[in-house]
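Observations on chain architecture
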Amino acid sequence: MCTSIVEIVNAEGKGKGKDGWFALTKSVVSYDHPHFALLEEAITIDFVNHDHGPGARAAVELTLESAKALNGALNKAIKAAENEHAKRS
Amino acid sequence: MAYEGMIAETLSISGNNNELISAYSARPLGPGPFPGVVLIHHLPGWSEWYREATRRFAHHGYAAISHNLYHRVGEGDAEDVAAKARAEGGVADEEVLGDTEGAVQWMRAQPYHNGKVGVIGSCSGGRQAFLYACNTSSIDAVVELWGGRVVQAEDDRPEKQPTPPIDFTKDLSCPMLGLFGNEDRSPSAEQVDQHEAELKKHGKDYEFHRYDGAGHGFFYYHRPMYCIEQAMDGWEKIFGFFQKHLAE
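Basis of the calculations
- Residues numbered from 1 in each chain as written.
- Chains lettered and ligands numbered in written order.
- Predicted model: local features only at pLDDT ≥ 70, side-chain atom pairs only at ≥ 80, totals over all residues.
- Helix = DSSP H or I, 4+ residues; strand = E, 2+ residues; numbered from the N terminus.
- Buried ≥ 20, exposed ≤ 12 C-beta atoms within 10 Å, placed from the backbone.
- Contact = placed C-beta atoms within 7 Å.
- Nonpolar A, V, L, I, M, F, W, Y, C, P; charged D, E, K, R; others polar.
- Core = buried A, V, L, I, M, F, W, Y, C linked by C-beta atoms within 7 Å.
- Expected span 1.5 Å × (residues − 1).
- pLDDT = per-residue confidence, 0-100.
- Pairing = 2+ DSSP bridges.
- Axes fitted to C-alpha atoms, helices over the stretch in contact; angles between N-to-C directions.

1. Observations concerning the overall build of chain B
Secondary structure assignment for chain B yields six helices and eight strands. Tracing chain B from N to C terminus, the helices and strands come up as β-β-β-α-β-α-α-β-α-β-β-α-β-α. When the backbone C-alpha atoms are referred to their principal axes, chain B occupies close to 50 × 35 × 35 Å. Here chain B, with 248 residues, has 51% of them falling under the buried criterion. Here the analysis covers contacts within chain B between residues at least 6 apart in sequence; of these, 68% occur between residues at least 24 apart.

Structure representation (structure tokens):
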């Protein structure tokens, strides 16, 4: 690796890879060389289940700006979701 | 017109601790003798670019082999395997040294080999090529292409890469060629300065070429970092260097 920037968290849910939907175990966020995005470095997010081999992977490669926007959207959606839960309980 | 041909194939070799790992080799047809080149693949894995580079050396008269440092990570598309390797913190330096020694010894055992071996790697493979050259006496030349993290920050000492390769500079065992882009961030121009200063300090036989207008990975024709002028000059430098140290 050229940056060693990698963050890994547990993930519960499903992801859609090249062989269809699979159960997720981890989300891996890194900032390093992308494979396909035409960028020198990218925020790469891999939703994976390594119990099923390297191919159990749903991936995106984003510019830093896109990743920041996604982060903002995630935070907003999570906050709204938590408000919904609070109303129900 | 003289007949020309090459053989390129996957095979298994003994890697670290004699574990079998996969590799891809290419060489010209005929009895040789051919100088040997071992290619250490980059962070994006044992990829198509590395297969092409292996064949490129064969096209230029070398017996070449690219071993798969991610063999133990699993099988699959190169980018999926590389993603899994990244999530696992990359491969351990110790393992890389053992696997690369295995590839070098495999080359030395081939009947068509001329007795000289060079090692080349780019990106993380550039770091590993330099690291290996400082931890072996089995090779005759090394080429480091923009090796990221030869210089590692104080807080960058992961378990699998515990020692910055620059710390081993005094043990560099063979002539070295280094190619770098001045716009690169990993390694930055300052890090390349440190790398060079250390080589100078220990009186090593090296040549560095540092290209203006080039960043990281400027050989990769399928990436936006590609710089045709610098890449063509770089390839010329590599072939000149290997000709001098492996073929003459």
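2. Looking at the interface of chain B and chain A
The partner chain A presents 23 residues to the 25 residues of chain B that form the contact. Tallying contributions element by element places helix α2 (residues 78–87) of chain B first for the side of chain B that touches chain A, with seven residues. Here the residues of the side of chain B that touches chain A are counted per class, giving 10 nonpolar, eight polar and seven charged.

3. Description of the nonpolar core
Residues and elements named next belong to chain B. By size, the foremost hydrophobic cluster in this structure holds 76 residues, and its most contacted members are V38, A64, V119, A129, A133 and V142. Examining the composition of this core, we find that six residues originate from one element, α2, more than from any other. Apart from residues no more than four positions distant in its own chain, A64 is found in contact with S25, A26, R27, V37, L39, T54, F57 and A58.

4. Some thoughts on unusual backbone geometry
Residues and elements named next belong to chain B. Geometrically, the link from G32 to P33 is a cis peptide bond, its omega value of 5° lying close to zero. Along the chain, P33 falls in the loop between β2 (20–28) and β3 (34–40). Residue S186 is joined to P187 through a cis peptide bond whose omega torsion reads 15°. Its identity is not glycine, yet N17 carries a phi of approximately 55°, on the positive side. Mapped onto the secondary structure, N17 falls in the loop between β1 (6–14) and β2. On the basis of neighbour count, N17 is assigned to the exposed category, with 10 C-beta atoms found within 10 Å. Here N18, not a glycine, exhibits a phi torsion of approximately 65°, which is positive. Classification of N18 as exposed rests on a count of 8 C-beta atoms within 10 Å.

5. Observations concerning helix α1 (residues 48–59) of chain B
All names here are of chain B. Between its first and last C-alpha, α1 extends 16 Å over 12 residues, near the 16 Å set by a 1.5 Å rise per residue. Those residues of α1 not exposed but buried are W49, Y50, A53, T54, F57 and A58. Residues of α1 that are buried sit in contact with β1, β2, β3 and β4 (63–67). After α1 finishes, the residue G61 shows a positive phi value of roughly 95°.

6. A look at the confidence of the model for chain B
Summing up the model confidence of chain B, the mean pLDDT is 96 and the portion of residues at 70 or higher is 100%. Both confidence scores are given for the complex: pTM 0.94, ipTM 0.89.

7. Here's the deal with α2 of chain B
Here α2 of chain B lies mainly inside the structure; 10 of its 10 residues are buried. Listing the buried residues of α2 of chain B in full gives A78, E79, D80, V81, A82, A83, K84, A85, R86 and A87 of chain B. Those residues of α2 of chain B that are buried lie in contact with β1 (5–10), β4 (26–32), β5 (42–48) and β6 (57–62) of chain A. Within two residues after α2 of chain B, G89 of chain B carries a phi angle of roughly 85°, on the positive side.

8. Some remarks on the sheet that holds β1 of chain A
What the four strands build is an open sheet, ordered β1-β4-β5-β6 (chain A); its pairing is antiparallel. Taken across any chain shown, the strands that pair with only one partner, and hence form the sheet edges, are β1 and β6 of chain A. Ignoring which end each strand starts from, the neighbouring axes of this sheet average 15° apart. As paired elements, β4 of chain A and β5 of chain A share seven bridges and run antiparallel to each other. Bridging across to β5 of chain A, K26 of chain A finds its partner in V48 of chain A. Of the strands in this sheet, β1, β4, β5 and β6 of chain A touch α2 of chain B, which is tilted by about 95° from β4 of chain A.

9. Details of the environment of K87 of chain A
Residue and element names in this part refer to chain A. Among the secondary structure elements, K87 is positioned in helix α1 (residues 64–88). On the neighbour-count criterion, K87 (7 C-beta atoms within 10 Å) is exposed. Residues K87 and R57, spaced 30 residues apart in sequence, show a C-alpha to C-alpha distance of 35 Å.

10. With respect to the sheet that holds strand β7 (residues 176–181) of chain B
All names here are of chain B. Here eight strands make up an open sheet; going across it, the order is β1-β2-β4-β3-β5-β6-β7-β8 and the pairing mixed. With partners counted over all chains shown, the strands left at the sheet margins are β1 and β8 (206–211), one partner each. Across the sheet, the axes of successive neighbouring strands diverge by a mean angle of 20°, strand direction being ignored. In this sheet, strand β5 (residues 113–122) lies alongside β3 in parallel orientation, the contact comprising six bridges. The partner of V38 across the bridge, within β5, is V119. On the sheet, α1 packs against β1, β2, β3 and β4 and is oriented at approximately 40° with respect to β2.

11. Here we look at the pairing of strand β2 (residues 14–17) of chain A
Every other side chain in a regular strand lies on the same face of the sheet, so the side chains alternate between the two faces. All names here are of chain A. As defined by bridge partners, β2 adjoins strand β3 (residues 20–23) across four bridges and the pair is classed as antiparallel. Residue G15 lies in a different strand from β3, and its bridge partner there is F22. Between the antiparallel neighbours β2 and β3 lie two residues.

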